[in-house]
Each structure stands twice: as C-alpha cells, then as structure tokens.
Amino acid sequence: MNKYALLSLGAVALASPAFAAQTIPVPDVAPAAAGYQVVINIPQQRLFLFKDGSLKKVYPVGVGKAMSQTNIGEHKIGAKAFNPTWHIPLSIQKERGDGVKSVPPGPQNPLGPVFVRLGDPKLGLGIHGTNTPASVPGIRSHGCVRMKSPDALEFATTITTGSPAYVIYQMASLNEDANKNLWLAAYRDPYNKKNLNTDALRKSIAAWAKANGKNIN
C-alpha cells in the first residue's frame with residue numbers, strides 16, 4: 001500500500017511504445033522489486049504484468065461469472081501447456097449435456113493455443129486463450145481467466161513458472177497522469193461484494209489535493 005491509503009496514485013509508464021500515450025487505471029498494489037508479478041483485478045477485467053517493480057503490459061481478460069467466480073487471493077503461476085487438449089470438467093459436461101468429454105487442439109478448443117496453470121491444480125484454474133475472442137473482456141467464464149489468443153501466447157512466453165499471481169477485487173482506482181491531473185476510475189460489482197471503501201477514497205483524494213495544492217469538489 002502507498003501513502004494515499006487504499007488507492008494508487010502514479011503515472012503509468014509502460015515499456016511498450018504502443019501504450020506510451022495511454023492512461024491506464026492501475027489498481028493499488030505493491031509490485032515486487034524483482035521478477036515477474038501478475039495482478040488480475042476482477043471488476044476491472046484486466047491483467048497487469050509487472051517486472052522488477054515496473055508495469056510492463058496490461059491485458060483485457062474474461063473472468064469467472066458470479067456463479068463460478070475466479071478465486072480471489074494469492075496464487076502462483078504453474079505449468080504451461082501449448083496446444084492443449086481440453087479435458088472437460090464433470091460440472092461443465094453436465095451443463096453441456098452433449099456427451100463430449102474432451103476437445104482436441106484446434107480452432108474449436110475453448111482454451112485456445114495455450115493454458116497456463118493458475119494456482120493449485122486442485123482449483124482447476126488457468127489463464128488461457130479462447131475460441132470466442134468477443135468474450136474478452138467480460139464476466140463469462142467458469143472460473144478461468146480468458147485472454148485473446150495472441151495475448152495469451154505473448155503472456156505465456158513471457159511469464160515464468162513460479163511467479164506470484166494475485167487475483168484482487170478493487171472497485172475503484174485513482175491515478176495521476178503526467179500532467180498532474182487526477183483520474184478516478186470506478187467499475188461494476190460483478191460478484192456483488194459491495195466493498196468499495198468510500199471513506200478511504202475521500203481520504204486519498206484529500207491527501208492528493210493537499211500534496212498538490214489543489215481544491216477538489
């Protein structure tokens with residue numbers, strides 16, 4: 001956490017020139033000083049990739065529906081499977097009702113070209129591509145984190161197994177751009193947690209205003 005309580009303040013400096021001119025709301029996290037770190041903010045439907053304390057890339061993602069939520073908490077990046085076969089969980093087999101138990105690699109595979117394990121294998125979760133790119137971003141999965149397939153491949157070839165991955169639930173973020181403007185981003189509450197801390201938000205804004213000699217209504 002930073003000196004402005006629960007919400008982060010700071011200009012986004014991304015390594016990729018394609019992102020240089022964009023202002024991307026960043027959740028309040030404390031990036032690790034060394035190595036890769038993954039942060040997935042459920043309400044924002046974004047995956048943040050950090051390396052050595054700096055934000056390197058932001059990806060849109062699809063996350064679990066309210067009835068099949070993506071597990072919030074600290075995880076580890078696990079094994080990677082390229083051109084995976086989808087072994088359909090029993091719960092999804094019952095939902096489908098078509099008798100299909102697995103889907104081989106190819107354009108019809110819902111995992112896309114790669115599956116990266118997220119957390120304990122018992123959770124059955126992963127970060128993977130998709131055969132329905134229009135579903136990203138969104139609140140649509142059975143708990144896994146979907147990425148557009150080109151993004152999934154880029155992510156999988158970049159991230160190292162064993163890296164920490166945090167799934168968080170922050171409904172708002174404050175960010176300061178390069179021109180010293182303060183931006184507030186707020187998101188929907190897909191899991192109905194109602195955990196937006198408005199007192200902390202007001203304190204963060206007041207602290208920023210005092211530090212910058214500005215009045216904010």
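In the block above lies the structure referred to throughout.
Residues numbered from 1 in each chain as written. Predicted model: local features only at pLDDT ≥ 70, side-chain atom pairs only at ≥ 80, totals over all residues. Heavy atoms only, no water.

*Asks:* With reference to specific residues and values, describe the overall build of the protein.
*Replies:* A count of helices and strands for the protein gives 3 helices and 14 strands. When the 217 residues of the protein are sorted by exposure, 44% land in the buried category. For the protein, the accessible area works out to roughly 11,300 Å², and carbon and sulfur atoms hold 54% of it. (Helix = DSSP H or I, 4+ residues; strand = E, 2+ residues; numbered from the N terminus. Buried < 20%, exposed > 50% of the residue type's maximum accessible area, 1.4 Å probe, protein only. Areas by Shrake-Rupley, 256 points an atom, 1.4 Å probe, with all protein chains shown as cover.)

*Asks:* Describe the pairing of strand 5 (residues 73-82), with residues and values.
*Replies:* Pairing of strand 5 with strand 12 (residues 164-168) involves 4 bridges; the strand directions are antiparallel. Within strand 12, the residue paired with glutamate 74 across the bridge is tyrosine 166. Here 4 bridges tie strand 5 to strand 8 (residues 114-118), and the two strands are oriented antiparallel to one another. Among the inter-strand pairings, phenylalanine 82 is bridged to a residue of strand 8, identified as valine 114. (Pairing = 2+ DSSP bridges.)

*Asks:* Lay out the nonpolar core in plain terms, naming residues and giving numbers.
*Replies:* With 26 residues, the main nonpolar core has Val38, Ile40, Leu47, Ile77, Leu118, Ile127 and Phe155 as its most contacted residues. Of all the secondary structure elements, the ones that give two or more residues to this core are strand 1 (36-41), strand 2 (46-51), strand 8, helix 2 (149-158) and strand 12. Discounting residues that sit within four places of it in the chain, valine 38 has contacts with Leu47, Phe48, Leu49, Ile77, Phe155, Ile159, Pro164, Ala165 and Tyr166. Counting 8 residues, the second-largest nonpolar core is a separate cluster that includes Ile24, Val26, Phe48 and Ile168. (Core = buried A, V, L, I, M, F, W, Y, C linked by side-chain atoms within 4.5 Å. Contact = heavy atoms within 4.5 Å.)

*Asks:* Lay out the environment of threonine 160 with the relevant residues and their values.
*Replies:* In this fold, threonine 160 is placed in the loop between helix 2 and strand 12. On the basis of relative accessible area, threonine 160 is assigned to the partly exposed category, the value being 36%. Once the C-alpha coordinates of threonine 160 and glycine 78 are considered, the two residues, 82 residues apart in sequence, prove to be 8.5 Å apart. Beyond its immediate stretch of four places on either side in the chain, threonine 160 contacts Tyr36, Ile77 and Lys80.

*Asks:* Give me the lowdown on the side chain of glutamine 44, citing residues and values where you can.
*Replies:* For glutamine 44, the position within the fold is in the loop between strand 1 and strand 2. Judged by its relative accessible area of 8%, glutamine 44 falls in the buried class. Polar side-chain contacts of glutamine 44 include one of 3.1 Å to the side chain of asparagine 41. Within the structure, glutamine 44 has its side chain in polar contact with the side chain of tyrosine 187 (distance 3.2 Å). The contacts of glutamine 44, once residues within four sequence positions are left out, are Pro25, Pro27 and Tyr187. (Polar contact = N/O pair within 3.5 Å; in protein donor to acceptor, adjacent residues only side chain to side chain.)

*Asks:* Break down the pattern of salt bridges for me, citing the residues and quoting the values.
*Replies:* Within the structure shown, the criterion is met by 4 salt bridges. Notably, a salt bridge pairs aspartate 98 with arginine 96, separated by 3.0 Å at the nearest N-O pair. Overall, aspartate 98 belongs to the partly exposed group, its relative accessible area being 41%. Arginine 96 sits in the partly exposed class, given a relative accessible area of 36%. Between aspartate 199 and arginine 202 there is a salt bridge whose closest N-O contact spans 3.5 Å. Of this pair, aspartate 199 and arginine 202 are both found in helix 3 (residues 198-212), 3 residues apart, which corresponds to roughly one turn of the helix. Assessed through its relative accessible area of 48%, aspartate 199 is described here as partly exposed. (Salt bridge = Lys/Arg side-chain N within 4 Å of Asp/Glu carboxyl O.)

*Asks:* Go over helix 2 with me, naming the residues and quoting the values.
*Replies:* Those residues of helix 2 that sit buried are Ser149, Asp151, Ala152, Phe155 and Ala156. Along helix 2, the residues classed as buried sweep out an arc of 150 degrees about the axis, all on the same side. Residues Pro150 and Thr157 are exposed on helix 2 and point more than 90 degrees away from its buried face. Looking at the buried positions of helix 2, the neighbouring elements they touch are strand 1, strand 2, strand 3 (54-60), strand 5, strand 8 and strand 9 (126-128). (Arc of directions from axis to C-beta.)

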